[in-house]
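What follows is the residue order along each chain.
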Amino acid sequence: MNQTIFCENLKKFRSAKNLTQEQVADYLNVNTQTVSRWECGTTLPDVLTLPTLAKLYGVTTDDFYKKNSIAYDNYAQRLTAVYEKTRKPEDFMQCLFEYKKLISESTLSIEDQWNYALIHQWMLEYCKTESIKWYNTILKNDPNSEQHIFYRACACRISLLFTLGKGEEAIHQQLARVKTDPDNPRETDLLIISYIYADKLKEAYESFLKAVKKFPNDWELYLHGGEICEKLKNYNEAIQYYNKAGEIGTFFYDELYCKANLYEKIGDYEKATHLYLEIAEKLRKKGFDVEADMAEEHAEKTARAGK
């Protein structure tokens, strides 16, 4: 270690923060002479003190050893500079932690607010890239190995593409997949989902009617048929399709959730409340206590809305 650079930085960083040796000493719970000896190079701070000192000066511990390091307004801003360079999720989390402290203290400057928004934007770009990469990786797997998970992931991928403004791309890709595998109800269902996201309700409804003729016992198709009818405000027809899905047998009482949401939407809070309570009872019997609690909470919220 170049001790001269280290000691010069100790003084430079303190001066940049407009702090006296006495103030630094009070902050670290040491005496003023100790801080003075550090800056003169007579003694050096121990390794446990350096992180605390770095945060106070708005630097990282590595900055103490660099010739041209500068002090930032606060430690969060310094970590932002680190994250800008690395774009590593772990560095984002460190930034987030420091900014959350500033938020709780109500000491965010305009620059801090900008940086706080910026680190989330960088993380968003990272997450979008990672999501697409891993969804595309899933598409290379055999769908029959874990069919339910595979097609749920495919549906999430379509949703993400629409969020990214790539809805038409999602539709074209799914049309190609249906053409390749026309006897697979899941691929047809994903096409219907794509049309729903695109708000192409005519195409969605026509595809649904053709699909249920070909796959009359597929409950997921009926759920999405009900969703289409809801969007078209054909509520009675939607209920019929949800009931049909229930007769076939859904995965997790999906038809009850759909009907409860529909009744809540149209203001029939009494029916919605009864359905949420029915869901809670069924879930509790199967041991899903957390989910049952959530359904009961929703029932209470819906009941209050109806008063």
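What this report covers is the structure whose coordinates are included nearby. The shown structure was predicted, so the numbers you read here are calculated from the model rather than taken from an experiment.

1. Quick word on the overall build of the protein chain
Of the regular secondary structure elements, the protein chain holds 16 helices and zero strands. Taken over C-alpha atoms, the radius of gyration comes to 29 Å for the protein chain, far larger than the 19 Å a tight globule of 307 residues would show. Over its C-alpha atoms, taken along the principal directions, the protein chain stretches across nearly 85 × 50 × 35 Å. The proportion of buried residues among the 307 residues of the protein chain is 40%. Counting only contacts in the protein chain whose residues sit at least 6 apart along the sequence, the fraction spanning at least 24 positions is 50%. Summing over all exposed atoms, the protein chain offers an accessible surface of approximately 17,800 Å²; the carbon and sulfur share of this is 52%. Across the protein chain, the centroid of the 41 positively charged side chains sits 4 Å from that of the 47 negatively charged ones.

2. With respect to the side chain of Asp 63
One can find Asp 63 in the loop between helix 4 (50-57) and helix 5 (75-86). Within polar-contact distance, the side chain of Asp 63 engages the backbone nitrogen of Thr 60 at 2.9 Å. When residues no more than four places from it in sequence are discounted, the contact partners of Asp 63 are Asn 9, Phe 13, Ser 69 and Arg 78.

3. Topic: helix 13 (residues 235-248)
Over its 14 residues, helix 13 runs 20 Å from end to end, which matches the ideal 20 Å to within 8%, given 1.5 Å per residue. Contact partners of the buried residues in helix 13: helix 11 (201-214), helix 12 (219-231) and helix 14 (254-265).

4. Re the packing of helix 8 (residues 147-163) against helix 9 (residues 167-180)
Across the interface, helix 8 lies against helix 9 with an axial gap of 7 Å and an inter-helix angle of 145°. Where helix 8 abuts helix 9, its residues Phe 150, Arg 157, Ile 158, Leu 161 and Phe 162 lie against Gly 167, Glu 169, Ala 170, Ile 171, Gln 173, Gln 174 and Arg 177. Residue composition of the contact of helix 8 with helix 9, grouped by class: six nonpolar, three polar and three charged.

5. Digging into the nonpolar core
Residues Leu 190, Ile 192 and Phe 208 are the most contacted members of the largest nonpolar core, which totals 46 residues. Counting residues per element, this core draws most heavily on helix 8, which supplies seven residues. Leu 19, Tyr 57, Val 59 and Phe 64 belong to the second-largest nonpolar core, a separate cluster that totals 17 residues.

Conventions and cut-offs
- Residues numbered from 1 in each chain as written.
- Predicted model: local features only at pLDDT ≥ 70, side-chain atom pairs only at ≥ 80, totals over all residues.
- Heavy atoms only, no water.
- Helix = DSSP H or I, 4+ residues; strand = E, 2+ residues; numbered from the N terminus.
- Rg over C-alpha atoms; globule rule 2.2 N^0.38 Å.
- Buried < 20%, exposed > 50% of the residue type's maximum accessible area, 1.4 Å probe, protein only.
- Contact = heavy atoms within 4.5 Å.
- Areas by Shrake-Rupley, 256 points an atom, 1.4 Å probe, with all protein chains shown as cover.
- Lys, Arg positive; Asp, Glu negative; His and termini not counted.
- Charge placed at Lys NZ, Arg CZ, Asp CG, Glu CD.
- Polar contact = N/O pair within 3.5 Å; in protein donor to acceptor, adjacent residues only side chain to side chain.
- Expected span 1.5 Å × (residues − 1).
- Axes fitted to C-alpha atoms, helices over the stretch in contact; angles between N-to-C directions.
- Nonpolar A, V, L, I, M, F, W, Y, C, P; charged D, E, K, R; others polar.
- Core = buried A, V, L, I, M, F, W, Y, C linked by side-chain atoms within 4.5 Å.

Take it as geometry only, folks, not as evidence of what the structure does.
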